[in-house]
Amino acid sequence: MNKEKLITELKNYLKQKNVNYYAESLNFKGLRENVPQPDDSVRSLYIVSFMASTSNNKYDSDIIFYAYFDEKSKKLLYIIGPQSFEKIE
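Per chain, residue numbering runs from 1 following the sequence as it is written. Selection of residues for local features in this predicted model requires a pLDDT of at least 70, selection of side-chain atom pairs for listing and counting requires 80 or more, and totals for whole chains, interfaces and linings are taken over all residues. Excluding hydrogens and water, the side-chain values take into account all heavy atoms of the structure.

### Remarks on the overall build of the protein chain
Short version of the rule: Helix numbering and strand numbering both begin at the N terminus, where a helix is a DSSP run of H or I of at least 4 residues and a strand a DSSP run of E of at least 2. Throughout, exposure labels follow a simple rule: accessible area from a 1.4 Å probe, protein chains only, divided by the maximum for the residue type, with under 20% read as buried, over 50% as exposed, and the rest as partly exposed. Here, residues are in contact when the closest pair of their heavy atoms is within 4.5 Å. A 1.4 Å probe and the Shrake-Rupley method give the accessible areas. Residues count as covered only by the protein chains that appear here.
Counting its secondary structure elements, the protein chain contains one helix and five strands. Starting at the N terminus, the α and β elements of the protein chain follow one another as α-β-β-β-β-β. Seen through its C-alpha atoms, the protein chain measures out along the principal axes to roughly 40 × 25 × 20 Å. Taking all 89 residues of the protein chain together, the buried fraction comes to 36%. Expressed as a percentage of contacts within the protein chain between residues at least 6 apart in sequence, the contacts between residues at least 24 apart total 35%. Surface exposure of the protein chain reaches about 6200 Å², of which carbon and sulfur atoms provide 45%.

Okay, here's the thing in structure tokens:
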């Protein structure tokens, strides 16, 4: 597993979606095993966290998000924030 490759894939996705994220905040968190899925299955996922600005407000506009990658395929599956869930197709 190459964590820099996962981070690069996430950076490319965020740039493509015009997400205003802080590049220095990208942080590989590791492997999480047996993560429950919406279809009641489980899978192991790599996690990369990052911080992004959600508005132009001076206060309370930065939020931490978590990007989940499939352990086997290394494909970006979804991004979860405090009030969001984005499934990547």
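From this point, the narrative continues.
### Considerations on the pairing of strand β2 (residues 42-53)
Consecutive residues of a regular strand have side chains that alternate between opposite faces of the sheet. We apply this condition: One requirement defines pairing of two strands: DSSP has to find at least two bridges between them.
Along β2, nine of the twelve residues are buried, which leaves the element largely enclosed by surrounding structure. Here strand β1 (residues 27-36) folds back onto β2 in antiparallel fashion, the turn holding five residues, of which Asp40 has a positive phi close to 70 degrees. The sheet contact formed by β2 and strand β3 (residues 62-70) spans nine bridges and is antiparallel. Among the inter-strand pairings, Ser49 is bridged to a residue of β3, identified as Tyr66.

### Side note on the side chain of Gln37
Topologically, Gln37 is positioned in the loop between β1 and β2. Gln37 sits in the buried class, given a relative accessible area of 10%. Gln37 has contacts with Val42, Arg43, Leu45 and Tyr78, leaving out every residue within four places of it along the chain.

### Section: the sheet that holds strand β5 (residues 84-87)
Cut-off, in case you're wondering: Here, axes are lines fitted to C-alpha atoms. For helices the fit covers the stretch in contact, and angles between N-to-C directions go from 0 to 180 degrees.
If you trace the five strands from one edge of the open sheet to the other, you get β1-β2-β3-β4-β5, paired in antiparallel fashion. Bordering the open sheet on either side are β1 and β5, each of which pairs with just one other strand. Here the average twist between neighbouring strands, direction ignored, is 25 degrees. As judged from the seven bridges shared by β1 and β2, these two strands associate in the antiparallel manner. The residue of β2 that forms the bridge with Phe28 is Val48.

### Comments concerning the environment of Leu31
Here Leu31 shows up in strand β1. With relative accessibility at 35%, the residue Leu31 sits in the partly exposed group. Each C-alpha atom, one on Leu31 and one on Glu89, is 21 Å from the other, the two residues being 58 residues apart in sequence.

### Things to note about the nonpolar core
As a reminder of what qualifies: By convention a nonpolar core is built from buried Ala, Val, Leu, Ile, Met, Phe, Trp, Tyr and Cys residues, the set being connected through side-chain atoms within 4.5 Å.
Grouped together as the largest cluster of nonpolar side chains are 17 residues, with contacts concentrated most on Leu10, Phe50, Phe69, Leu76 and Ile79. Residues Val35, Ile47, Leu77 and Tyr78 belong to the second largest nonpolar core, which totals six residues.

All we've got here are geometric facts, nothing functional implied.
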